[in-house]
Amino acid sequence: MPSLRRVPLRRVHGPHGMLNPLRAWEELAAAVPSGLGAPPRRDGPFFVPLSKFLNVQYFGEIGLGTPPQNFSVVFDTGSSNLWVPSKRCRFFSVPCWFHHIYNPKASSSFRPNGTKIAIQYGTGRLSGILSQDKLTIGGINNVSVTFGEALWEPSLVFTVASFDGIFGLGFPSLAEDGVPPPFDVLVEQGLLDKPIFSFYLNRVMVGTGLTLCAQGCAAVVDTGTSLITGPSEEIRALNRAIGGLPWLAGTHFIRCSKIPTLPPVSFLLGGVWFNLTAQDYVVQISQGGFRLCLSGFQALDMPPPAGPLWILGDVFLGAYVAVFDRGSASMGPRVGLARARVPGADLGGDGIAQAQFTD
């Protein structure tokens, strides 16, 4: 049994106004060879590739069925269901026209379930039915999972998304209809001895003296959110401090020439300071000779009791390695953070990042 299982990621840029985890509005910026991963070695890790889109969205490839039907999915710590578009989707469900679709008749291991399911995200929703089939991920195969076949995706964000579906990594309590999350299935079947996974996504205090959230506030780390979000009043003050100019849909424009002079932004988490430079928190988009720089901070007001809340999304995770430990009977759930070994650098120089599933 290997000690570490890795899923290579691809990275994509997504539109700032779409949150958790639905954002995509440009062509794939860089492509890496896709695949479902090599068979696991007995003495080391294996990988599932993740792709990139504009530095703020990461997705990787999985397979469903026998033989495997390949899909690009967002690995999302903010939700717990696995779903992909279905060949049986409604005619006017436009996302099915532009994405890979699951065909149950093409799989010898398909098992019908038929339970109806509906999932609501921050800016998108879908409905469909549950089915059961074999999952292939990072060299692991023949894992029986229950997943959603999306029959109706009325949200525009799914039409323009660079991914096909979503692979939820959240707690079982977040799963719609009590469906066992695929990560938990891997643990229960003994394919992962420890309920731990981590992300290395390559790609508060402001250096001007501004201090936000002085009395402390709640924060979550979420791979399904592209940016760093927080209460609107504090985000407005933060964007003013870094020279952000209001732009479209709540985003803030940054003068690209100012990046070398912008102040650092630091987060105090568990008594430890985590610093972001302007290279970390400014999203830089270049296409056709045109360069656009946008703030990685966006307002999102969450009412009590869940809020107010800060969400540290992929802008934060681009600079830090995050390890998610679901915990055990003797120890509660934990999140570990460490500075990426080469800040802002791409693994292998080709835009590959990794999701690791630990034995």
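Definitions and cut-offs
Residues numbered from 1 in each chain as written. Predicted model: local features only at pLDDT ≥ 70, side-chain atom pairs only at ≥ 80, totals over all residues. Heavy atoms only, no water. Helix = DSSP H or I, 4+ residues; strand = E, 2+ residues; numbered from the N terminus. Areas by Shrake-Rupley, 256 points an atom, 1.4 Å probe, with all protein chains shown as cover. 1 Å grid on protein atoms, 1.4 Å probe; cavity = no way out; pocket = protein on both sides within 12 Å on 5 of 7 lines; lining within 4 Å. Points joined across faces, edges and corners; volume = space filled by probe spheres on them. Nonpolar A, V, L, I, M, F, W, Y, C, P; charged D, E, K, R; others polar. pLDDT = per-residue confidence, 0-100. Contact = heavy atoms within 4.5 Å. Pairing = 2+ DSSP bridges. Axes fitted to C-alpha atoms, helices over the stretch in contact; angles between N-to-C directions. Salt bridge = Lys/Arg side-chain N within 4 Å of Asp/Glu carboxyl O. Buried < 20%, exposed > 50% of the residue type's maximum accessible area, 1.4 Å probe, protein only. Disulfide = S-S within 2.5 Å. Phe/Tyr/Trp six-rings, centres within 6.5 Å; stacked < 30°, edge-to-face > 60°.

Participant: Just checking my understanding: could you explain the overall build of the protein for this structure?
Facilitator: Scanning the protein for helices and strands turns up six helices and 24 strands. Of the roughly 15400 Å² of accessible surface on the protein, a fraction of 57% belongs to carbon and sulfur atoms.

Participant: What is the right way to read the layout of surface pockets from this model?
Facilitator: Over the atoms rolls a probe the size of a water molecule, and in doing so it shows where empty space is left. If you add up the space inside the largest pocket, you get close to 790 Å³. Sorting the residues of the lining of the largest pocket by element identifies strand E6 (111-120), strand E12 (218-221), strand E21 (309-312), strand E22 (320-325) and strand E23 (334-339) as the ones contributing at least two each. For the lining of the largest pocket, the element with the most residues is E23, which contributes four residues. When grouped by side-chain class, the residues that make up the lining of the largest pocket number 20 nonpolar, eleven polar and five charged.

Participant: Could you clarify how one ought to interpret the confidence of the model for the protein in this entry?
Facilitator: Low pLDDT means the predicted atomic positions in that stretch should not be read closely. For the protein, the average pLDDT comes to 79, and 77% of its residues sit at 70 or higher. Low pLDDT, under 50, characterises residues 13-47; the stretch is placed with 141 contacts to residues that sit more than four places away or in other chains. For the stretch residues 343-352, pLDDT sits under 50, and the model shows 22 contacts to residues farther than four places along the chain or on other chains.

Participant: Even after reading the chapter, I still don't get the sheet that holds strand E20 (residues 297-299), so can you show me in this structure?
Facilitator: The pairing of strands in a sheet happens through backbone hydrogen bonds and is either parallel or antiparallel. Ordered in space as E12-E21-E13-E20, the four strands form an open sheet in which the pairing is mixed. Both edges of this open sheet fall to E12 and E20, since each of them pairs with a single strand only. Strand-to-strand twist of the sheet, defined as the mean angle between neighbouring strand axes without regard to direction, takes the value 20 degrees. Across two bridges, the pairing between strand E13 (residues 228-230) and E21 is antiparallel. Each residue of the ladder has a partner; that of Ile228, found in E21, is Leu312. The strands touched by helix H4 (residues 232-241) within the sheet are E13, E20 and E21, with E20 carrying the most contacts at an inclination of about 145 degrees.

Participant: I would appreciate a short explanation of the pairing of strand E8 (residues 140-152) in the present structure.
Facilitator: Within a regular strand, side chains alternate between the sheet's two faces. As defined by bridge partners, strand E5 (residues 82-85) adjoins E8 across three bridges and the pair is classed as parallel. Following the sheet pairing, Trp83 is matched in E8 by Gly148. Of the strand pairs in this sheet, strand E7 (residues 125-137) and E8 are connected by ten bridges, and their pairing is antiparallel. By the bridge assignment for E8, Asp133 is matched with Val145. Taking the residues that link successive antiparallel strands as the turn, the E7-E8 hairpin has two residues, and the phi of Gly138 there is positive, at about 55 degrees.

Participant: Explanation requested: the pattern of salt bridges in the structure shown.
Facilitator: A side chain of one charge can pair with a side chain of the opposite charge if their charged atoms are brought near each other. Here the structure, examined in full by the defined rule, presents three salt bridges. In this structure, the salt-bridge partner of Arg88 is Glu149, at a minimum N-O distance of 2.5 Å. Of this pair, Arg88 sits in the loop between E5 and helix H1 (95-98) while Glu149 is found in strand E8, placing the two residues 61 residues apart along the sequence. Here Arg88 falls in the partly exposed class, since its relative accessible area comes to 41%. Here Asp325 makes a salt bridge to Arg334, at a shortest N to O gap of 2.7 Å. On the accessibility criterion, Asp325 (13% relative accessible area) is buried. Relative accessible area serves as the criterion here: at 45%, Arg334 is assigned to the partly exposed category.

Participant: When you look at the state of the cysteines in this model, what are you seeing that I'm missing?
Facilitator: What we call a disulfide is simply a covalent bond connecting the sulfur atoms of a pair of cysteines. For the structure shown, the criterion picks out three disulfides. Each disulfide pairs two cysteine sulfurs, and for Cys89 the partner residue is Cys96, the sulfurs being separated by 2.3 Å. Cys213 shares a disulfide with Cys217; S-S distance 1.8 Å. Residue class for Cys213 comes out buried when judged on its relative accessible area of 17%.

Participant: I keep staring at the sheet that holds strand E17 (residues 272-276) and nothing clicks. Help me out?
Facilitator: Strands sit in the order E11-E16-E17 across an open sheet of three strands; the sheet is antiparallel. The outermost strands of the open sheet, each flanked by one partner alone, are strand E11 (205-206) and E17. When E11 meets strand E16 (residues 265-269), the two strands line up antiparallel, connected through two bridges. Its bridge partner lying in E16, Met205 is registered against Ser266.

Participant: Explanation requested: the pairing of strand E18 (residues 282-287) in the structure shown.
Facilitator: Sheet analysis places E18 next to strand E19 (residues 290-295), joined by six bridges and oriented antiparallel. By the bridge assignment for E19, Gln284 is matched with Cys293. Following E18, the chain reverses through two residues before pairing antiparallel with E19; Gly288 in that reversal takes a positive phi of roughly 60 degrees.

Participant: Would you take a moment to explain the packing of aromatic side chains for this structure?
Facilitator: Tallied over the entire structure, the rule returns 14 aromatic pairs. Measuring from centroid to centroid gives 5.1 Å for Phe75 and Phe167, while their planes differ by 45 degrees, and the two rings are tilted. One end of the pair, Phe75, is in strand E4 (residues 69-76); the other, Phe167, is in strand E9 (residues 165-168), and 92 residues separate them in sequence. Note on Phe167: relative accessible area 0%, which makes it buried. Measuring from centroid to centroid gives 5.3 Å for Tyr281 and Phe297, while their planes differ by 45 degrees, and the two rings are tilted. In this pair, Tyr281 sits in helix H5 (residues 278-281) while Phe297 sits in strand E20, placing the two residues 16 residues apart along the sequence.

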